[in-house]
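Topology and contacts: notes
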Amino acid sequence: PEMDTRDFASCVARHAREIEAFLPDVLVGSSFGGAVVLELLHCGTWRGPTLLLAQAGLRRNPHATLPDGVSVWLVHGTSDDVIEVGDSRRLACSGTPGRVRLFEVEDDHSLHATVASGRLVEIVRELAAERR
């Protein structure tokens, strides 16, 4: 869904409604959307498999962590010039060991090469299979 990124709370509320109506198998948040998804995880709106792409969650809350018991995978480009890959490294150190994975890919913030190669689709499918 479209978001007015000037109003973080309304973005979180909007996505909470969408999750309730749609019931996704995997929730994906990219950049600012990663911060939104992280908030949805913390408030308990979403507890399913989660994929964060070049997440900006630590920009929103530098002390954010991943909740326990949730499968969260992160994909971050090592050449990202918008959000440092170190943010995803720090976030990946939290959460439940064995349920958190970090994929560092040779790519930019938009993950163009990872999408073009089909690797992103593979990661989504692998993560979705964990739910079954």
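This text follows the structure it describes.
A brief structural summary. Once a new chain begins, its residue numbering starts again from 1 and follows that chain's sequence as written. Side-chain atom pairs in this predicted model are given and counted only at pLDDT of 80 or more, local residue features only at pLDDT of at least 70, and totals for whole chains, interfaces and linings cover all residues. Hydrogens and water are ignored here; the side-chain numbers use all heavy atoms of the structure.

1. What to know about the overall build of the protein chain
The helix and strand labels rest on DSSP assignments: H or I over at least four residues marks a helix, E over at least two residues marks a strand, and numbering proceeds from the N terminus. Counting secondary structure elements, the protein chain contains six helices and four strands. Shown N-terminal to C-terminal, the secondary structure of the protein chain runs as helices and strands in the order α-β-α-β-α-β-α-β-α-α. Put simply, the radius of gyration uses C-alpha atoms, and a globule should come to 2.2 Å times the residue count raised to 0.38. Its C-alpha atoms give the protein chain a radius of gyration of 14 Å, near enough to 14 Å, the size a compact globule of 132 residues would have. Principal-axis analysis of the C-alpha atoms places the extent of the protein chain at approximately 35 × 35 × 25 Å. Once local pairs closer than 6 in sequence are excluded, the contacts in the protein chain between residues at least 24 apart make up 58%. Only the protein chains shown count as covering a residue, and every accessible area follows the Shrake-Rupley method with a 1.4 Å probe. For the protein chain, the accessible surface area stands at approximately 7100 Å², while carbon and sulfur atoms represent 49% of it. Note on charges: Lys and Arg go in the positive column, Asp and Glu in the negative column, and His and the chain ends are not counted at all. Taken as the charge centre is NZ of Lys, CZ of Arg, CG of Asp or CD of Glu, depending on the residue. Looking at the protein chain, you have 14 positive and 19 negative side-chain charges, and the mean spots of the two groups are 5 Å apart. Any two residues having at least one pair of non-hydrogen atoms within 4.5 Å are treated as being in contact.

2. Things to note about the side chain of Asp80
Looking at the element boundaries, Asp80 is found in the loop between β3 (72-77) and α4 (85-92). Here's how the labels work: a residue is buried when its accessible area is under 20% of the maximum for its type, exposed when over 50%, partly exposed in between, all with a 1.4 Å probe on protein chains only. Each salt bridge in this description consists of a side-chain nitrogen of Lys or Arg and a carboxyl oxygen of Asp or Glu lying within 4 Å of one another. The side chain of Asp80 is buried and forms no salt bridge, while Arg59, the nearest opposite charge, is found at 7.1 Å. Identification of polar contacts relies on pairs of N or O atoms within 3.5 Å, with a donor-acceptor requirement for protein atoms, meaning one able to donate a hydrogen and the other able to accept it, and with residues adjacent in sequence counted only if both atoms are side-chain atoms. Here Val82 takes part through its backbone nitrogen, which lies 2.7 Å from a polar atom of the side chain of Asp80. For Asp80, the residues in contact, after removing those within four places along its chain, are Ala54, Asp107, Asp108 and His109.

3. Concerning helix α6 (residues 119-131)
In this analysis, the expected span of each helix is defined as 1.5 Å times one less than the number of residues it contains. Its 13 residues give α6 an end-to-end C-alpha distance of 19 Å, which sits within 8% of 18 Å, the value for a rise of 1.5 Å per residue. Within the sequence span of α6, burial applies to Leu120, Ile123, Leu127 and Ala128. Looking straight down α6, one finds that the buried residues subtend no more than 130° of arc, so they occupy a single side. Elements that come into contact with the buried residues of α6 comprise β2 (50-53), β3, β4 (100-105) and α5 (112-116). In this description, the arc belongs to the directions extending from the helix axis to the C-beta atoms.

4. Observations regarding the nonpolar core
Core analysis: the biggest nonpolar cluster contains 22 residues, and Leu40, Leu41, Leu52, Leu66, Val72, Leu74 and Leu91 have the highest contact counts within it. Breaking this core down by element, the ones donating at least two residues are α1 (8-22), α2 (32-42), β3 and α4. In terms of residue count, the dominant contributor to this core is α2 (six residues). Once residues within four sequence positions are removed from consideration, Leu41 is found in contact with Trp46, Arg47, Thr50, Pro67, Val70 and Val72. Side-chain atoms within 4.5 Å link the members of a nonpolar core, which is a set of buried Ala, Val, Leu, Ile, Met, Phe, Trp, Tyr and Cys residues. Of all hydrophobic cores here, the second largest spans 12 residues; its members include Val75, Phe103, Leu120 and Ala128.

5. Topic: the packing of aromatic side chains
For Phe, Tyr and Trp, where Trp contributes only its six-membered ring, two rings pair if their centres lie within 6.5 Å, and the inter-plane angle classes them as stacked under 30 degrees, edge-to-face over 60, or tilted in between. All chains considered together, the criterion is met by two aromatic pairs. Considering the side-chain rings of Phe8 and Phe32, the 5.8 Å spacing of their centres and the 85° angle between planes classify their relative orientation as edge-to-face. Residue Phe8 is found in helix α1, and its partner Phe32 is found in helix α2; the two are separated by 24 residues along the sequence. Accessibility expressed as a relative area gives 10% for Phe8, which makes it buried. For Phe32, a relative accessible area of 24% puts it in the partly exposed group. Centre to centre, the rings of Trp73 and Phe103 are 5.6 Å apart; their planes meet at 55°, and the pair counts as tilted. With a gap of 30 residues between them, Trp73 in strand β3 and Phe103 in strand β4 connect regions that are remote in the sequence. Phe103 carries the same exposure label as Trp73, and that label is buried. By definition here, charges over rings are those cases where NZ of Lys or CZ of Arg is within 6 Å of the ring centre and within 35 degrees of the ring normal. A cation over an aromatic ring shows up here: Arg60 above the ring of Phe8, its NZ or CZ 3.9 Å from the ring centre.

Worth remembering: the numbers are spatial, not functional.
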